[in-house]
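# Per-entry structural report
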Amino acid sequence: MIYFDNAATTGVSKEVLDAMLPYFTENYGNPSSVYAFSDTPKEAIAESRRRIAKCLNCDASEIFFTASGSEADNWAIKGVCDAAAKNGKNKIITSAIEHHAVLTTCEYMEKHGFEVTYLPVDETGLVNPSDLENAIDGQTALVSIMYANNEIGTIEPIKELVEIAHKYKVPFHTDAVQAAGTIKIDIKDLGVDLLSISGHKFHAPKGIGALYIKKGTKITSFIHGGMQERGKRAGTENVPYIVGIATALENACANLDNYTKKVTALRDKLIKGVMEAIPYVKLNGHTAQRLPGNANFSFKYIEGESLLLWLDMNGIAASSGSACTSGSLDPSHVLLAIGLPHEIAHGSLRISLSYENTEEEIDKLLEVLPQIVDRLRNMSPLYEEVLK
């Protein structure tokens, strides 16, 4: 199998697994217990917090562990807005292309009295800072705009957006789930107040994430029942997975230059090959401000699900968008937001690469993809009219 769906999830690296294993077997003590047997897992959590903070350039006390990126997004939005509501603030600003972990949480907040503004994006997926400037006011409780889009790979101008939010003394959250481990993140430089990451996007296991919360940010506790995570998120800590996400992020940061060089070269080769070999195709997302491993195409006159099935029969795993909406017959909300009509948005293909992918795998895709697209188009009455 050739795996081209790394934006959905990645495999756990051997180094990460090896670092985790002792905390399943030898060092399994509960970190909250007072006896000496708990000292090793307790210190492992503290050290993991320090390692992640060093990668992101923040203080270790500002890192809180969660069970996923979605949980981190939920906590950031609900927690900040609940705290702000006490001061009469009832507005949220986000973008039209956010991950559903943000969008559905905002919909939830709408049902609980909040007004949500969904900023538009241009044809490349970029939020215009002037739109944020026009939407924000003294009643705004939170701005939440993703660092990089999970479908089309566009990297947003977060630093500029943060400056606008802070001008109005509004906290800023960014969903950095797709960015972490693939591009450099410097929290102090960005200036964000909250930032979400998820381990399984950079070769840690599924089921572990983290939320950066800047000191002084007013936010309510997310899970009640114990004093774990400084009383903000109750529940016995998942020590092996915490060690795993710290190891994975540290490895990713240490090898970021090599990763970027290799994966960007593979991505550019793929994009060039597809655009040259297949007619009636559109590259979605920003040509320059995009994640190293992301390539998203829309093919006219075909249906994306059929394309994925044919690729699968050829031993290639890819996607048409977010794994969180797989099984949905609706076209991608991201592709609709950048202005694609329904019929073209339905014919999308997302290829997301990692350092484990090779040139030979790209060559294989470039060999079979044009044949599959041609076969599917020959079944389309719309394409038959084009040929005529």
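Please read all numbers here as calculations on a predicted model, not as lab measurements.

## Digging into unusual backbone geometry
If a residue is not glycine, its phi is most likely negative; likewise, a peptide bond is most likely trans. Of note, E229 is a non-glycine position whose phi angle comes to about 50 degrees, a positive value. Checked against the element boundaries, E229 lands in the loop between β8 (209-213) and α9 (239-254). The backbone of Y301 sits at a positive phi, close to 70 degrees, despite the residue not being glycine. Assignment of secondary structure puts Y301 in the loop between β10 (294-299) and α11 (304-313). Y301 gets classed as partly exposed once you look at its relative accessible area, which sits at 24%.

## With respect to the pattern of salt bridges
Considering all chains together, one arrives at 16 salt bridges under this definition. A salt bridge links D268 to R267; its shortest N-O distance comes to 3.0 Å. The class of D268 is partly exposed, set by a relative accessible area of 37%. Because the salt bridges share partners, they merge into one network encompassing E43, E47 and R50.

## Things to note about helix α5 (residues 100-111)
For α5, built from 12 residues, the straight-helix expectation of 16 Å at 1.5 Å per residue is met to within 8% by its first-to-last C-alpha distance of 16 Å. Listed as buried for α5 are A101, V102, L103, T105, C106 and M109. At its buried positions, α5 is contacted by α4 (69-85), β3 (91-95), β4 (115-119), β5 (140-144), β6 (172-175) and α12 (333-337). In the stretch just after α5, G113 is the one whose phi turns positive, near 95 degrees.

## Focus: α4
For α4, with 17 residues, the first-to-last C-alpha span of 24 Å sits near the 24 Å given by 1.5 Å per residue. Most of α4 is tucked away: 13 of the 17 residues are buried. Capping of α4 at its N-terminal end is provided by S68; its side-chain oxygen lies 3.4 Å from the backbone amide nitrogen of S70.

## Focus: the pairing of β8
Counting buried positions along β8 gives 5 out of 5 residues, so the element sits mostly inside the fold. Both faces of β8 are covered, namely the face carrying G209, L211 and I213 and the face carrying A210 and Y212. Here 4 bridges tie strand β2 (residues 63-66) to β8, and the two strands are oriented antiparallel to one another. Of the residues in β8, the one forming a bridge with I63 is Y212.

## Comments concerning a nonpolar patch on the surface
Taken together, the side chains of V12, L17, L21 and F24 define a hydrophobic patch exposed on the protein surface, amounting to about 340 Å² of accessible area. As for its position among the elements, F24 is in helix α2 (residues 22-25). By relative accessible area, which is 44% here, F24 ends up partly exposed.

## Let's talk about the packing of helix α10 (residues 256-277) against helix α14 (residues 359-377)
Viewed as axis vectors pointing N to C, α10 and α14 meet at an angle of 15 degrees, and their least axial separation amounts to 10 Å. Here α14 runs roughly parallel to α10, going by the angle between their axes. The crossing of α10 and α14 is right-handed. Where α10 approaches α14, its residues L266, K269, L270, G273, V274 and A277 are matched on the opposing element by E359, I362, D363, L365, L366, L369 and P370. Considering only residue class, the contact of α10 with α14 consists of 9 nonpolar, 1 polar and 3 charged.

## A word on the side chain of E229
The class of E229 is buried, set by a relative accessible area of 4%. In this structure the side chain of E229 is engaged in a polar contact, spanning 2.8 Å, whose partner is the backbone nitrogen of F65. E229 has contacts with R49, I63, F64, F65 and E237, leaving out every residue within four places of it along the chain.

## Topic: the packing of aromatic side chains
Scanning the model with the defined rule gives 6 aromatic pairs in all. For the ring pair F297 and F299, a centre distance of 6.1 Å and an interplane angle of 35 degrees mean the geometry is tilted. On the accessibility criterion, F297 (0% relative accessible area) is buried. Within the aromatic cluster, the residues linked to one another by ring pairs are F64, W75 and F222. Here K78 stacks its cationic end above the ring of Y108, 4.5 Å away from the centre of that ring. Its end group placed over the ring of F64, R230 keeps NZ or CZ at 4.0 Å from the ring centre.

About the thresholds
Residues numbered from 1 in each chain as written. Predicted model: local features only at pLDDT ≥ 70, side-chain atom pairs only at ≥ 80, totals over all residues. Heavy atoms only, no water. Helix = DSSP H or I, 4+ residues; strand = E, 2+ residues; numbered from the N terminus. Buried < 20%, exposed > 50% of the residue type's maximum accessible area, 1.4 Å probe, protein only. Salt bridge = Lys/Arg side-chain N within 4 Å of Asp/Glu carboxyl O. Expected span 1.5 Å × (residues − 1). Contact = heavy atoms within 4.5 Å. Polar contact = N/O pair within 3.5 Å; in protein donor to acceptor, adjacent residues only side chain to side chain. Pairing = 2+ DSSP bridges. Patch = residues over 30% accessible without salt bridge, like charges linked within 9 Å, V, L, I, M, F, W, Y side chains within 5 Å. Areas by Shrake-Rupley, 256 points an atom, 1.4 Å probe, with all protein chains shown as cover. Axes fitted to C-alpha atoms, helices over the stretch in contact; angles between N-to-C directions. Parallel < 35°, antiparallel > 145°, perpendicular 65-115°, else oblique. Left-handed = near helix turned anticlockwise from the far one by under 90°. Nonpolar A, V, L, I, M, F, W, Y, C, P; charged D, E, K, R; others polar. Phe/Tyr/Trp six-rings, centres within 6.5 Å; stacked < 30°, edge-to-face > 60°. Lys NZ or Arg CZ within 6 Å of the ring centre and 35° of its normal.

Shape descriptors only; they carry no functional weight alone.
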